[in-house]
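Observations on the three-dimensional arrangement
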Amino acid sequence: MPKIIHYRENCIGCDSCVLYAPRYWQIEEDGKSTLTRGVYKDGVGQLDIDDVELPGNIEASMACPVGIIRIQDDSGKNIGRT
Ligand code: SF4
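Let me sum up the structure you'll find in this document. These numbers were taken from a predicted model, which means no experiment stands behind them. (Residues numbered from 1 in each chain as written. Predicted model: local features only at pLDDT ≥ 70, side-chain atom pairs only at ≥ 80, totals over all residues.)

1. What about the overall build of the protein?
Convention followed: Secondary structure elements follow DSSP: runs of H or I of four or more residues count as helices, runs of E of two or more count as strands, with numbering from the N terminus. Restricting the calculation to C-alpha atoms gives the radius of gyration, and the globule rule supplies 2.2 Å times the number of residues raised to the power 0.38. Each residue is classified by how many other C-beta atoms fall within 10 Å of its C-beta atom, where C-beta atoms are placed from the backbone; a count of 20 or more means buried, 12 or fewer means exposed, and values in between mean partly exposed. Contacts are defined on C-beta atoms placed from the backbone: any two residues whose C-beta positions lie within 7 Å are in contact.
When you go through the protein residue by residue, the secondary structure sums to two helices and six strands. Ordered by position from the N terminus, the helices and strands of the protein form the series β-α-β-β-β-β-α-β. Against the compact-globule benchmark of 12 Å for 82 residues, the protein has a radius of gyration of 11 Å, which places it among compact chains. Its C-alpha atoms put the protein at 35 × 25 × 20 Å along the principal axes. Counting the 82 residues in the protein, one finds 23% classified as buried. The long-range fraction of contacts in the protein, counting pairs at least 24 apart against all pairs at least 6 apart in sequence, stands at 53%.

Given below as structure tokens:
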């Protein structure tokens, strides 16, 4: 199952992830985004997704100006922005 990994500490709140995948991302009161269904630990969020959920989130990963959205396939290979 593919996985989204979000290194939230370095988020600059640009809103691009929300624009490309609004069902998965939202901006919080501190101005940074979160994965709406993600589990966060030590500032890093993770969410398992299905293949059909990949396209918008890959776009979000590519659009993130600080490169903090990683997407991995089943084997752990990075398929979003590297
Ligand atoms: S695209 Fe990146 S920097 Fe912009 S809000 Fe989303 S995670 Fe934060």
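2. Remarks on the environment of K77
Tracing the backbone through its elements, the reader meets K77 in the segment after β6 (69-72). A tally of 10 C-beta atoms within 10 Å means that K77 is categorised as exposed. A C-alpha to C-alpha distance of 9.4 Å links K77 and P2, two positions 75 residues apart in sequence.

3. Some details on the site of the ligand
Basically, it comes down to this: Being near a molecule or strand means, for a residue, that its C-beta atom, positioned from the backbone, comes within 6 Å of it. Residues were grouped as follows: Ala, Val, Leu, Ile, Met, Phe, Trp, Tyr, Cys and Pro as nonpolar; Asp, Glu, Lys and Arg as charged; and all remaining residues, including Gly, as polar.
Neighbouring the ligand are 14 residues, the closest being C11, C14, S16, C17 and C64. Partitioning the shell around the ligand into residue classes produces ten nonpolar, three polar and one charged.

4. A few points about the pairing of strand β1 (residues 3-7)
Side-chain direction in a regular strand flips from residue to residue, so the side chains alternate between the two faces of the sheet. For clarity, the threshold we go by: A pair of strands counts as paired when DSSP detects no fewer than two bridges linking them.
Only one face of β1 is buried, namely the one carrying I4 and H6, since none of K3, I5 and Y7 on the opposite face is buried. Here five bridges tie β1 to strand β5 (residues 44-48), and the two strands are oriented antiparallel to one another. What sits directly across from I5, in β5, is Q46. Here four bridges tie β1 to β6, and the two strands are oriented antiparallel to one another. Among the inter-strand pairings, K3 is bridged to a residue of β6, identified as Q72.

5. Regarding the environment of D50
Positionally, D50 belongs in the loop between β5 and α2 (54-63). D50 sits 32 residues away from T82 along the chain, and the two C-alpha atoms are 20 Å apart.

6. Observations regarding the nonpolar core
Here is the rule we go by: A set of buried residues qualifies as a nonpolar core if it consists of Ala, Val, Leu, Ile, Met, Phe, Trp, Tyr and Cys joined through C-beta atoms within 7 Å.
Counting residues in hydrophobic clusters, the biggest one holds 13 residues, and the most contacted among them are C17, A21, W25, A60, C64 and I69. Where this core is concerned, the elements lending two or more residues are α1 (16-20) and β6. When sequence neighbours within four positions are dropped, the list of residues in contact with I69 reads I4, H6, C17, A60, S61, C64, G80 and R81.

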